[in-house]
Amino acid sequence: MGETLDDIDFLARSDHRVGVLETLAERPCDRGDLRAATGASSPTLGRILTDFQDRHWIERDGRTYRLTELGEFVADRFGTFVDAMALERRLRTVWPWLPHEVDGFSVDLFTDVVVSVPGPGYPYQPVERLTDLLAETTTMYGFGMAMLKSSNLEPFFDRALDDLVCEYIYPPAVFEELLSWDGKTVAEATTRPNYTVLLHDDLPVDERCGICLFDDRVSICCFDHETGTLRSLVDTGSDEMHGWAASYYERFRAEASPLEAADDLLSVESFP
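In this text, all values refer to a predicted model and were calculated from it rather than measured experimentally.

Here we come to the overall build of the protein. Counting its secondary structure elements, the protein contains nine helices and ten strands. Taken against the 2.2 N^0.38 rule, which gives 19 Å for 272 residues, the C-alpha radius of gyration of the protein at 25 Å runs more than 25% over that of a compact globule. The principal-axis extent of the C-alpha atoms belonging to the protein is close to 80 × 35 × 35 Å. Considering the protein as a whole, with its 272 residues, one finds that 43% of them fall into the buried category. Contacts in the protein between residues at least 24 apart in sequence constitute 66% of all its contacts with a sequence separation of at least 6. Computed over 24 positive and 51 negative side-chain charges, the inter-centroid distance for the protein is 12 Å.

What follows is the structure in structure tokens.
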């Protein structure tokens, strides 16, 4: 293991070595191309090329350097590892609030990720990100606590009253909060054929997150389950995540009740 770690350290601790490997993975290059691509000085580049040749990672054809099959293997596996660690770093701070205990949920479902968190000087990043996702989609399916603030509810119901095809599974308490926010708008939206409301009183993670499926992204809204504090909005364009979220959604859709079975929630007294 020690020698293997030494080889990893040899590559990882030098941005210039990584740059040369990544550049040659894209195309064969001469020294001038490599200096321009990596910013390495001529002596540094010379040492890197010698080290790579000693490891049989590259070969020279005249003035041009190219990766050997072994070098291509190293570049591919190292790139995969770097991508994985970059993903892990983005998820690290929000992992406690993601539904990682739910069957089928795993880090492997993410192939890309955007993590929006409320910063100390600017707490609106998750709200703005969700608004952007709403603006870009033509369909939305979701459940739990996914709408963050009234500034998200306004664009959502503008779309629901227009052309957004939406089906949403609400915990009854959350739907009652919607009615308290703007009962007339919510009630009007429920009359539209493109907006379907379902109710479920036992969503397993509704106290700490909500999940939305858009045309080509999935978002997970994360709250601290003890304090109710918004922690993040995490979204990904991963097909694997979309497949998992759709299957998870269908599980609760089959158990949910249509709004018609809960007319008491639409009582006149509910409207502000």
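Once that is clear, we can look at the UniProt feature "domain: HVO-A0261-like N-terminal" (unreviewed entry) in the protein. Per the UniProt record, "domain: HVO-A0261-like N-terminal" (unreviewed entry) is found at residues 6–90. Annotation note: span residues 6–90, helix share 73%, strand share 9%, distance between end C-alpha atoms 26 Å.

Moving on, we get to the confidence of the model for the protein. With 93% of its residues at a pLDDT of 70 or more, the protein shows a mean pLDDT of 89. A low-confidence stretch, residues 268–272 (pLDDT under 50), is modelled with 13 contacts involving residues beyond four sequence positions or located in other chains.

This part is about the packing of helix H2 (residues 15–26) against helix H5 (residues 69–92). Running from N to C, H2 and H5 cross one another at 110 degrees; their axes reach a closest spacing of 10 Å. Considering the angle they form, H2 stands roughly perpendicular to H5. In this structure, H2 contributes Val18, Leu21 and Ala25 to the contact, and H5 contributes Gly71, Val74, Ala75 and Phe78. Residue classes in the contact of H2 with H5 are distributed as six nonpolar, one polar and no charged.

What follows deals with helix H9 (residues 239–253). Here H9 is 15 residues long and its end C-alpha atoms lie 20 Å apart, about the 21 Å a rise of 1.5 Å per residue gives. For H9, every residue scored as buried is listed here: Met241, Trp244, Ala245, Tyr248, Tyr249 and Phe252. Across the axial projection of H9, the buried residues extend over an arc of 130 degrees, all falling on one side. Exposed residues on H9 whose side chains face more than 90 degrees from its buried face are Asp239 and Ser247. Those residues of H9 that are buried lie in contact with strand S4 (139–144), strand S5 (165–170), strand S7 (209–213), strand S8 (218–223) and strand S9 (230–236).

Attention shifts here to the environment of Trp97. On the secondary structure map, Trp97 appears in the loop between H5 and strand S3 (114–116). Taking relative accessible area as the criterion, Trp97 reaches 17% and is therefore assigned buried. Taking the C-alpha atoms as reference points, Trp97 and Gly228, 131 residues apart in sequence, are found 11 Å from one another. For Trp97, the residues in contact, after removing those within four places along its chain, are Arg208, Cys222, Phe223, Asp224 and Arg231.

Further remarks concern helix H8 (residues 172–190). The terminal C-alpha atoms of H8, which comprises 19 residues, lie only 15 Å apart, well short of the 27 Å expected from a rise of 1.5 Å per residue. At Asp182, H8 is deflected by roughly 115 degrees, the largest bend along its length. Within H8 the residues assigned to the buried category are Val174, Phe175, Leu178, Leu179, Gly183, Val186, Ala187 and Ala189. Summarising the contacts, the buried residues of H8 are in contact with helix H7 (150–160), S5 and strand S6 (195–199).

The mixed open sheet is built from eight strands, whose spatial order is S3-S9-S8-S7-S4-S5-S6-S10. In this open sheet, the two edge strands, each paired with only one partner strand, are S3 and strand S10 (257–258). For S4 and S5, the ladder comprises five bridges, and the chain directions are parallel. Note that in S5 the partner of Met140 across the bridge is Cys166. Against the sheet, helix H6 (residues 125–136) makes contact with S3, S4, S8 and S9, and its axis sits at roughly 35 degrees relative to S9, the strand it touches most.

Among the five residues that make up S7, five are buried, leaving the element largely enclosed by the rest of the structure. The two faces of S7 match: Cys209, Ile211 and Leu213 on one face and Gly210 and Cys212 on the other face are all buried. Bridge count for S4 against S7 is four bridges, and the pairing is antiparallel. What sits directly across from Phe143, in S7, is Ile211. In this sheet, S8 lies alongside S7 in antiparallel orientation, the contact comprising five bridges. Bridge pairing in S8 links Cys209 to Cys222. The turn joining S7 and S8, which pair antiparallel and follow one another in sequence, is formed by four residues.

What counts and how
- Residues numbered from 1 in each chain as written.
- Predicted model: local features only at pLDDT ≥ 70, side-chain atom pairs only at ≥ 80, totals over all residues.
- Heavy atoms only, no water.
- Helix = DSSP H or I, 4+ residues; strand = E, 2+ residues; numbered from the N terminus.
- Rg over C-alpha atoms; globule rule 2.2 N^0.38 Å.
- Buried < 20%, exposed > 50% of the residue type's maximum accessible area, 1.4 Å probe, protein only.
- Contact = heavy atoms within 4.5 Å.
- Lys, Arg positive; Asp, Glu negative; His and termini not counted.
- Charge placed at Lys NZ, Arg CZ, Asp CG, Glu CD.
- UniProt positions renumbered as here; feature names shortened; annotations may be inferred.
- pLDDT = per-residue confidence, 0-100.
- Axes fitted to C-alpha atoms, helices over the stretch in contact; angles between N-to-C directions.
- Parallel < 35°, antiparallel > 145°, perpendicular 65-115°, else oblique.
- Nonpolar A, V, L, I, M, F, W, Y, C, P; charged D, E, K, R; others polar.
- Expected span 1.5 Å × (residues − 1).
- Arc of directions from axis to C-beta.
- Bend = angle between axes of the 7 residues up to and from the residue.
- Pairing = 2+ DSSP bridges.

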